[in-house]
Amino acid sequence: MDSNYEPAVIEAEAQACWNDTEAFSVREDGGREKYYCLCMLPYPSGKLHMGHVRNYTIGDVIARYHRMRGRNVLQPMAWDAFGLPAENAAMQNGVPPGRWTRDNIDYMRGQLKSLGFGIDWSREFATCDPGYYRWNQWLFLKMLEKGLVYQKTGLVNWDPVDQTVLANEQVIDGRGWRTGAPVEKREIPMYYMRITAYADELLAALDELDGWPERVRAMQANWIGRSEGARVAFPYTMDGRNEKLWVFTTRADTLMGVTFVAIAAEHPLALRLGEDNPEAAAFIEKCRTGGVTEAEVATREKEGVPTGFHVEHPITGEPVPVWIGNYVLMSYGEGAVMGVPGHDERDAEFAHKYSLPIGQVLAVEGERYDASHWQDWYGSKDGVCVNSGKYDGLGFAAATDAIAADLEAKHLGEKRIQYRLRDWGISRQRYWGCPIPIIHCEKCGAVPVPEDQLPVTLPEDLTPDGGGNPLARCEAFVKCECPRCGGPARRETDTMDTFVDSSWYYMRYTSPDSSASMVDARADYWLPVDQYIGGIEHAILHLLYSRFWTKVMRDFGLLKIDEPFTNLLTQGMVLNQIWFSRDGDGRITYHNPAGITAEGDGVGRTADGAAVEFGGLGKMSKSKNNGVDPGELIERHGADAVRLFTMFAAPPEQTLEWSEAGVEGAVRFLRRLYRAVAEHVEGEPAERVPADLDGAARELRRQTHATIAKVDDDIGRRYTFNTAIAAVMELLNAVNRFAPETTADRAVVQESLETAIMLLAPIVPHICHRLWREMGHAEPIIDVAWPTADPAALKRDELEIVVQVNGKLRGRIAVDAGANREAVENAALADDNVQRFIGGKAVRRVIVVPGKLVNVVV
């Protein structure tokens, strides 16, 4: 055996073996327990980053572990290939998004293979493949038939220069990212999926997802946002007609404290009032700029304008002024809120700014109400109604019931359960996405594309230029015949949200070659996914949409499961140092940490000697120029070293701080392991481990089997890969300290080294592939069963017990493993060092923790 560790040679050899034998291609096997291990599919951006490496290494370790446990393991890969980044790259590079995407897929596939991931590549696909997105379109049409898809106008960001819709992330300080033009809000027709029809089930089922992190379940529950309250109408008369302005409130008990109502700038009443009110019209126009997300609205300075119009209070009939407020979203609730500034933080901020009346309608016993300290009263449900007429003295629940009953009697409201969750708008006014299968005919209206004409194929030779959706200018795509009347018609040019693509890709892996249906009977074997792995940034939308999609397919008879992912692991980010310099105008330039010589105190020098400042640690990103190229790392140190570092540096849920020294440390450990095997196999062949070991050999074997038990628990249950690796490192240190003298000793070393190789095989599979063969085994390590700890080997003749005096460590003693409490106590008190610290004082008490410690209290 060559004693030099050459990762490039070893890794190429192992990967060739796996490829030649199709080691990771799996089929359904009813006689074996299946295990479906899945990492979130990557976007083909061009290169893997260290976040990808960490994510997929975690998945691969788990998959390989379960394979060695005898399970039939599926670990597939696909590409989340549609979306905005490809269009942006196309505009920058002047190439069609399809070509850019597929070139990137080819490159990234090679990077993934270089890391030795045990992926079943026979199931690979890209979401931009017509054979895949055909089924997006098919299910869209089925959902349309069942009323789970509908069309209505929706609010979007509109760039008036590029004449295109912008995603929220493309709106920067209220302006388009490319043109710098002030962004407008526009109402345009959009298609929606009725996810709210499943709100109750989506919320209730969270309690059953025991394998999910609690914070993810909490995030989803908050996003669904079940609220019990009342729908309340404020009557008004306009243009001779009696109308109602509806609001939803969770605090009907404060209805008597309403001093104003605020409506969204897009509310129909606001638009009507703006026709006769120049000030209101100007404010509505101002509100058209800026973002449309709830987060942006929540942090925006509260502004409003009075309309001069009043509605009636539903209980008292008193006039209530109507304001238009920029903090009210048309897309949430009824697009209107009742202002109770005496007991609501947001309303109070607005009322203080515009000197609106503030009144107390809740009182808490023992507390003095102060309208200037409204924050202390925000959200309180502990008080009773005051200044509320007939409702005075009622608590929250009783007041809510009484007010709701009175409203219902007047046909001005009722109790209602409402959700924060809104239906999923899937229309995107972009080219690079799945075409929505609708045809527009002047005679027949919106007509679904017949099923036998699917897929509606997206032309891949168009290049966006920033001048709107190029599909709208592609007559070959747009012009068609109406399926109903045969007359001239035009195809829908909106495409689907890319969350549609990723909402069911994990199902398609089970039946990737099915041409007759989305999935077939094979899905019943593989689903649900046993372990899903991905970033916490996908905790809400992707996971929620996937759960919704699963339930829809179940209800259509396509699946037999209720939830897609049994267990969920959300890995932490990979961090690196941030270094930057400023020019004379204050503009910042970021420098890659690899080219920095740090000098301390937050300063450093670049390779050319220029001074730079330290900006702390941050997520690896192109914008901060602090990324690390996995390809260069693999070329320098080998894939196993990269894998070992990412698993050893931190537990998977925590952030990982990048360290070049850490990778070099991983290389040194792999060399020690390689040398230990090389030195061992130079000797005579080892026989079986005898049953009558004693001394150091027995202790080494005990540590070997203790390591098996620990690593099995760390990987199989706890997913603390770093502690598993540390345990194997300690075992290797013990092997290196042990000096074998007999064939029995060599047998113990053989078992210890074989154990280390098996335990490390899921983490560093390439070197373990070679070392297992060098240890004399013809069977590949990937086909070897996971080791089990021998209970007999774990038994100890002696135990080391820690001895404390008044809680401080003062000695260690060795006692027989079967020694009783009295013997342990006597041995502790007889220890010379312990006696020195007792110092002749009276022993008040001796505390014995069996097998662990003795604490002498003096």
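Notes on the structure in this doc start here. (Residues numbered from 1 in each chain as written. Predicted model: local features only at pLDDT ≥ 70, side-chain atom pairs only at ≥ 80, totals over all residues. Heavy atoms only, no water.)

A few words on the packing of aromatic side chains. What describes a pair of aromatic rings is the distance from one ring centre to the other and the angle between the planes of the rings. Here the structure, examined in full by the defined rule, presents 33 aromatic pairs. Note on Trp424 and Tyr545: the rings are 3.7 Å apart at their centroids and 5° apart in plane angle, and the pair reads as stacked. With Trp424 in strand S17 (residues 424–425) and Tyr545 in helix H17 (residues 541–555), this pair connects stretches of sequence that are 121 residues apart. Grouping residues by exposure puts Trp424 and Tyr545 together as buried. Cluster of aromatic residues (ring-pair linked, three or more members): Phe125, Tyr132, Trp504, Tyr505, Tyr506, Tyr509, Tyr532 and Phe565. Positioned above the aromatic ring of Tyr192, the side-chain terminus of Lys152 is 5.1 Å from the ring centre. (Phe/Tyr/Trp six-rings, centres within 6.5 Å; stacked < 30°, edge-to-face > 60°. Helix = DSSP H or I, 4+ residues; strand = E, 2+ residues; numbered from the N terminus. Buried < 20%, exposed > 50% of the residue type's maximum accessible area, 1.4 Å probe, protein only. Lys NZ or Arg CZ within 6 Å of the ring centre and 35° of its normal.)

So, about the sheet that holds strand S24 (residues 529–535). Taking strand neighbours across the sheet as the criterion, the four strands line up as S2-S1-S24-S25 in an open arrangement whose pairing is parallel. Edge positions in the sheet fall to strand S2 (72–74) and strand S25 (565–571), since each of these pairs with one other strand and no more. Pairs of neighbouring strands in the sheet enclose a mean axial angle of 20°, with direction left out of account. With three bridges joining them, strand S1 (residues 34–39) and S2 adopt parallel strand pairing. (Pairing = 2+ DSSP bridges. Axes fitted to C-alpha atoms, helices over the stretch in contact; angles between N-to-C directions.)

So, about the packing of helix H23 (residues 743–760) against helix H24 (residues 765–774). Angle between the axes and distance between the axes: these two values describe a pair of packed helices. At a minimum axis separation of 9 Å, H23 and H24 run at an interaxial angle of 150°. When the interaxial angle is binned, H23 and H24 end up roughly antiparallel. Two packed elements cross with a definite hand, and for H23 against H24 that hand is left-handed. Across from Glu754, Ile757, Met758 and Leu760 in H23, the residues of H24 making contact are Cys768, Leu771 and Trp772. Considering only residue class, the contact of H23 with H24 consists of six nonpolar, no polar and one charged. (Parallel < 35°, antiparallel > 145°, perpendicular 65-115°, else oblique. Left-handed = near helix turned anticlockwise from the far one by under 90°. Contact = heavy atoms within 4.5 Å. Nonpolar A, V, L, I, M, F, W, Y, C, P; charged D, E, K, R; others polar.)

This brings us to a positive patch on the surface. Taken together, the side chains of Arg668, Arg671, Arg672 and Arg675 make up a positively charged region of the molecular surface. When you line up the elements, Arg672 lands in helix H20 (residues 660–681). (Patch = residues over 30% accessible without salt bridge, like charges linked within 9 Å, V, L, I, M, F, W, Y side chains within 5 Å. Areas by Shrake-Rupley, 256 points an atom, 1.4 Å probe, with all protein chains shown as cover. Salt bridge = Lys/Arg side-chain N within 4 Å of Asp/Glu carboxyl O. Lys, Arg positive; Asp, Glu negative; His and termini not counted. Charge placed at Lys NZ, Arg CZ, Asp CG, Glu CD.)

Read from one edge to the other, the open sheet built from three strands follows the order S9-S8-S16, with strand pairing classed as antiparallel. Both outer strands of the open sheet, strand S9 (241–249) and strand S16 (413–419), are each paired with one neighbouring strand and no more. Averaged over all neighbouring strand pairs, the angle between strand axes comes to 35°, with direction disregarded.

What follows covers the environment of Thr704. With respect to the helices and strands, Thr704 occurs in helix H21 (residues 695–718). Taking the relative accessible area as the measure of exposure, Thr704 reaches 0% and is therefore buried. The spatial distance from the C-alpha of Thr704 to the C-alpha of Thr755 is 7.1 Å, given a sequence separation of 51 residues. In this structure, Thr704 is in contact with Leu731, Glu751, Ser752 and Thr755, ignoring residues within four places of it in sequence. Reaching out from Thr704, the side chain makes a polar contact with the side chain of Ser752 at a distance of 2.7 Å. (Polar contact = N/O pair within 3.5 Å; in protein donor to acceptor, adjacent residues only side chain to side chain.)

As a further point, take the pairing of strand S32 (residues 798–805). Across eight bridges, the pairing between S32 and strand S33 (residues 808–816) is antiparallel. Across the sheet, Val803 pairs through a bridge with Gly811, a residue of S33. Where S32 folds back onto S33 in an antiparallel hairpin, the turn is made up of two residues, including Asn806, whose phi is positive at roughly 55°.

Okay, the pattern of salt bridges next. For the structure shown, the criterion picks out 55 salt bridges. A salt bridge links Arg217 to Glu214, with the nearest nitrogen and oxygen atoms 2.7 Å apart. With Arg217 and Glu214 both in helix H7 (residues 214–224) and three residues apart, this pair spans about one turn of that helix. Measuring nitrogen to oxygen at the nearest pair gives 3.1 Å for the salt bridge that ties Lys390 to Asp406. In this pair, Lys390 sits in the loop between strand S15 (384–385) and helix H12 (396–409) while Asp406 sits in helix H12, placing the two residues 16 residues apart along the sequence.

Its location among the elements puts Thr259 in the loop between S9 and strand S10 (260–263). Within the structure, Thr259 has its side chain in polar contact with the backbone oxygen of Pro357 (distance 3.0 Å).

Our next topic: the side chain of Gln111. In this structure, Gln111 sits in helix H4 (residues 97–114). Among the polar contacts made by the side chain of Gln111, one reaches the main-chain amide nitrogen of Leu48 at a distance of 2.7 Å. Look past the residues within four positions of Gln111 in its chain and what remains in contact with it is Gly46, Lys47, Leu48, Asp629 and Gly631.

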